[in-house]
Amino acid sequence: MKNKSLLNGTWNLIVDPQKKGEKESWFSPTFLNNQKYSVEKIAVPSNYNTIPKLFEYTGVVWYILELSEFPAISSKEDLFLCFDGANYIAKIWINGQFIGEHEGGFLPFKFRLPNPLKLKQPNGDKNWLVVKIDTSIVKDGIPGESTDWFNWGGLHRDVYWEIKNKIRIDHVKIKSSFNSPWPHSAQISISIKKNNFSKNLLDEHVLTCRIYELRKDNLTQIKRASQIYIQQEFSLDTRSIQQFNMDILNPKLWSPTEPNLYEIELQIKNLTSPVIERFGIRMIETQEHLLLLNKRPIKMKGASLHEELEPYGRHYSTQLRRSELQAMKALGFNALRSAHYSHDERLCQLCDEEGLLLLEEIPLYWNIEYTNRKIIKLAAQMIRDLISRDFNHPSVIVWSVGNEVPVEDLGCRQTIKLLLQYARKLDPSRLVTYASCRMVSDVTRKYSSINAINFYFGWYYMTPYNLNFFLDAMYYGTHPKTPWIMTEFGAGAKYGEHNLKEQFSEENQARTIAHQIQVMNSKPYMAGWFIWIYRDFRSSQRLNRFQQGFNRKGIVSEKNEKKLIARIMPQLINKKIERIRHYRGLAQFYAYIMRWVERVAVKIIFFLEFRKERKMVKSYYHTELD
Ligand code: GCU
């Protein structure tokens, strides 16, 4: 077995609506060998909802795989069972032995199997891998009980064995910075975690780093350049985490227009197998109200995307993912927001290659119990796992810790502030934020490095023509002068609806979005905008005659059919409004007054909850997240 072998393929599936499987030990070889149970066949990875009769099912299902081979490892190796994503709670058994469990639908997890031989069935009996998945909506889960998206469940990402030497390099983190004279010299700092590396190995071993340029030989194939770009050796010490710096002269920087990539190969000579990581050299920073990429101002222009494609659900091919990113680039987009959770890591890899700036998010969404310690720790684990997984992707520039969270609630404010500080500590090289839908009373924004706002002028309230004033009220009237991005704005439309009297006509959608794009392009402090949303997506909340189970705010239909706004986007994307009005004094006055109106309204609500909330908050926020 090579060091990574996929367990993807056709598994058996048992549906367990009465949730009796655990009590009846459906995970045991005795039960499985008797095969007195009716099964469906299910592809892994996929969402079980793609089986028509299970489309609307939420609850427990059992994934069962008879292992064709049982991994054998030497005493110098570790064996891991790895899952790239399983929604929502997963419990794992091998031959009836409980291996572990994981909560959260969109990030990888793995279990080290200390004694694989003890797990193996004797004398040629069948070996069974069993995964119980529960997609029930839980009160203290993330996301919470109400979401505007479809609850696709199951093993929707790769499952595989991984064999690693006990003495190994774990977790390589690569950061790039610029030396002077910029941009002719850059520096990458490489931080490695050494596993099981004892003192006696020190003097005879060094770390060899080889850097290669990556080149696109055609539209999609990326290959290493033949010769080594830079090679350097470093002596090792006993610290488990060690950092090294390498200078790169005349670096080819990463940007949406020139997504140059490199590959680094790290090896402790004669001891470990090479670890290979891709990276890009780029710097993201803010300067007052400006967002700078490689020291130059840039505006993020794009859309959000749910990880969903008909008829596949959340798991679909790399080629299909690449073609949708190329379609976004063809519209003129340079940015994408992975709503409202981390997508398959292939999205990051493709954004690296195709040149899209990525804002990634954890699904802390709408109303949940923000003072619940379990939720706080789970949210922290999610942001930690997300940053750990995607740290080396140059396309990722913003971490978002939540969406439309009720910041008027003290517990929510404390949790968001905690998560922003935690994300910043884990990764000082990127921006941290959360998407707010409070205009002038959001006091938590000051902990973000870029202000993200969601407003639907012309759809849920007012008209698109009010956006200009309210943006100025927020910027000039409330906040320290950091950049602002509109992480959601838009309107619904049914593809092919052209009755101008209908709110869901393509024409109404185009008019609503087009005006707001031009306003935001005309505001120096607007560092970007993301249309909500690129593609129509399933939502059980959207049931009118135009929606029929889909949220129709996509600029393309669920079949990727371009609506009017998508067809005109290339001509629209950089347009501004000549002689746009900037409301400074009036906007500040409005914000000052409205801040109190919003705050008074909020305080009244909060005061009624005062004793309960304040006590709960005090008792929770000494909690260490690690
Ligand atoms: C909210 C929310 C989205 C939702 C959108 C809508 O802003 O963040 O998840 O789909 O509004 O109303 O369509």
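Residues numbered from 1 in each chain as written. Predicted model: local features only at pLDDT ≥ 70, side-chain atom pairs only at ≥ 80, totals over all residues. Heavy atoms only, no water.

Under the annotation held in an unreviewed UniProt entry, the protein chain carries the name Beta-galactosidase and is attributed to Candidatus Lokiarchaeum ossiferum. Entered under Sequence similarities (unreviewed entry) in the UniProt record, the comment concerning the protein chain runs "Belongs to the glycosyl hydrolase 2 family." (UniProt positions renumbered as here; feature names shortened; annotations may be inferred.)

Undergrad: Please explain the overall build of the protein chain as it appears in this structure.
TA: Per the secondary structure count, the protein chain includes 11 helices and 31 strands. Relative to a compact globule of 626 residues, whose C-alpha radius of gyration would be 25 Å, the protein chain shows 26 Å and is just as compact. Buried positions account for 58% of the 626 residues belonging to the protein chain. Taken together, the 87 basic and 67 acidic charged side chains of the protein chain have centroids lying 4 Å from each other. (Helix = DSSP H or I, 4+ residues; strand = E, 2+ residues; numbered from the N terminus. Rg over C-alpha atoms; globule rule 2.2 N^0.38 Å. Buried < 20%, exposed > 50% of the residue type's maximum accessible area, 1.4 Å probe, protein only. Lys, Arg positive; Asp, Glu negative; His and termini not counted. Charge placed at Lys NZ, Arg CZ, Asp CG, Glu CD.)

Undergrad: How should a nonpolar patch on the surface be read in this particular structure?
TA: Side chains of L586, F589, Y592, I593, W596, V597, V600 and I604 sit close together on the surface and give an oily, nonpolar patch of about 800 Å² of accessible area. Mapped onto the elements, W596 comes out in helix α10 (residues 585-608). Take W596: its relative accessible area is 41%, and that puts it in the partly exposed class. (Patch = residues over 30% accessible without salt bridge, like charges linked within 9 Å, V, L, I, M, F, W, Y side chains within 5 Å. Areas by Shrake-Rupley, 256 points an atom, 1.4 Å probe, with all protein chains shown as cover. Salt bridge = Lys/Arg side-chain N within 4 Å of Asp/Glu carboxyl O.)

Undergrad: Is there a simple way to think about the site of the ligand in this case?
TA: Not every one of the 14 residues close to the ligand is listed here, only the nearest: D148, H340, E404, Y460 and E488. Compared with its free state, where it exposes 320 Å², the ligand has 96% of that area covered by protein. (Near = heavy atom within 4 Å.)

Undergrad: Looking at this model, I keep getting lost on the domain arrangement of the protein chain. Mind explaining?
TA: Note: interface size is frequently given as the accessible area lost on complex formation between the parts. Domain boundaries in the protein chain define domain 1 (4-165), domain 2 (168-283) and domain 3 (286-590). Spacing between the C-alpha centres of domain 1 and domain 3 amounts to 33 Å. On the domain 3 side, the residues contacting the 26 residues of domain 1 number 37 residues. Carbon and sulfur atoms make up 58% of the area that domain 1 and domain 3 hide from each other, which totals about 2700 Å². Three residues, I142, D148 and W149, lead the burial of domain 1 against domain 3; their summed loss comes to 29% of the area buried on that side. Here domain 1 and domain 3 share five salt bridges between them. In this structure, K139 and E369 form a salt bridge, with 4.0 Å as the shortest nitrogen-oxygen distance. Inspection of the domain 1/domain 3 interface yields 14 residue pairs in polar contact (both at pLDDT 80 or more). Class assignment for the residues of the side of domain 1 that touches domain 3 results in 11 nonpolar, 10 polar and five charged. (Domains from an automatic or database assignment. Contact = heavy atoms within 4.5 Å. Buried area = accessible area lost by both parts, 1.4 Å probe. Polar contact = N/O pair within 3.5 Å; in protein donor to acceptor, adjacent residues only side chain to side chain. Nonpolar A, V, L, I, M, F, W, Y, C, P; charged D, E, K, R; others polar.)

Undergrad: Sorry, what's going on with the pairing of strand β5 (residues 77-83) here?
TA: On any regular strand, side chains alternate: one points to one face of the sheet, the next to the other face. Burial runs high along β5: six of the seven residues are buried. With seven bridges connecting them, β5 and strand β10 (residues 159-165) associate as antiparallel partners. What sits directly across from C82, in β10, is Y160. (Pairing = 2+ DSSP bridges.)

Undergrad: Whenever I open this one, the sheet that holds strand β2 (residues 9-15) confuses me. Can you help?
TA: Hydrogen bonds along the backbone pair up the strands of a sheet, which may run parallel or antiparallel. Read from one edge of the open sheet, six strands run β3-β2-β4-β9-β6-β7, paired in antiparallel fashion. Each end of this open sheet is capped by a strand with a single partner; those strands are β3 (40-44) and β7 (97-103). On average, each strand axis in the sheet is tilted by 25° relative to the strand beside it, whichever way the strands run. (Axes fitted to C-alpha atoms, helices over the stretch in contact; angles between N-to-C directions.)

Undergrad: What exactly am I supposed to notice about the packing of helix α7 (residues 467-477) against helix α8 (residues 506-521) here?
TA: Angle between the axes and distance between the axes are the two parameters that describe a pair of packed helices. Between α7 and α8, the least distance of the axes is 10 Å, while the angle of their chain directions is 35°. For the element pair α7 and α8, the recorded crossing hand is right-handed. For the pair α7 and α8, contact is made by L467, N468 and L471 and by Q516, V519 and M520, respectively. Among the residues making up the contact of α7 with α8, the classes are represented as four nonpolar, two polar and no charged. (Left-handed = near helix turned anticlockwise from the far one by under 90°.)

Undergrad: Where do I start with the sheet that holds strand β23 (residues 335-339) in this structure?
TA: Overall, parallel pairing links the eight strands, which are arranged β22-β23-β24-β25-β26-β27-β28-β29 in a closed barrel. Neighbouring strand axes in the sheet, compared pairwise and without regard to direction, differ in orientation by 25° on average. Note that strand β26 (residues 431-436) and strand β27 (residues 451-454) share two bridges and pair parallel. In the sheet register, A435 faces β27, and the bridge partner there is A452.

Undergrad: Would you mind going over the state of the cysteines with me for this structure?
TA: Two cysteines form a disulfide when their sulfur atoms are joined by a covalent bond. Taken as a whole and judged by the stated rule, the model has zero disulfides. C437 takes part in no disulfide bond, and the closest cysteine sulfur to it belongs to C412, at a distance of 10 Å. By relative accessible area, C437 is classed as partly exposed at 24%. (Disulfide = S-S within 2.5 Å.)

Undergrad: Explanation requested: unusual backbone geometry in the structure shown.
TA: Glycine aside, residues mostly have negative phi angles, and peptide bonds mostly take the trans form. Here the bond from N87 into Y88 is cis, since omega is 15°, no more than 30 degrees from zero. Along the polypeptide, Y88 turns up in the loop between β5 and β6 (89-94). For K19, which is not a glycine, the phi torsion comes out positive at approximately 50°. Along the polypeptide, K19 turns up in the loop between β2 and α1 (29-34). Its identity is not glycine, yet N95 carries a phi of approximately 50°, on the positive side. Overall, the relative accessible area of 7% leaves N95 in the buried class.

Undergrad: Explain the pattern of salt bridges here, please?
TA: A side chain with one charge can pair with a side chain of the opposite charge if their charged atoms come near. Within the structure shown, the criterion is met by 44 salt bridges. Linking K374 and D140 is a salt bridge whose minimum nitrogen-to-oxygen distance equals 3.3 Å. One end of the pair, K374, is in helix α5 (residues 373-390); the other, D140, is in the loop between β9 (128-134) and β10, with 234 residues separating them in the sequence. By sharing partners, the salt bridges in this structure join D78, R112, K164, K166, R168 and D170 into a single network.

Undergrad: What am I meant to see in the environment of H156 here?
TA: Position of H156 among the secondary structure elements: in the loop between β9 and β10. Overall, H156 belongs to the buried group, its relative accessible area being 1%. Here the alpha-carbon distance between H156 and F106, two residues 50 residues apart in the chain, equals 9.0 Å. Within the structure, H156 has its side chain in polar contact with the side chain of N47 (distance 3.3 Å). A distance of 2.8 Å separates a polar atom in the side chain of H156 from the backbone oxygen of G105.

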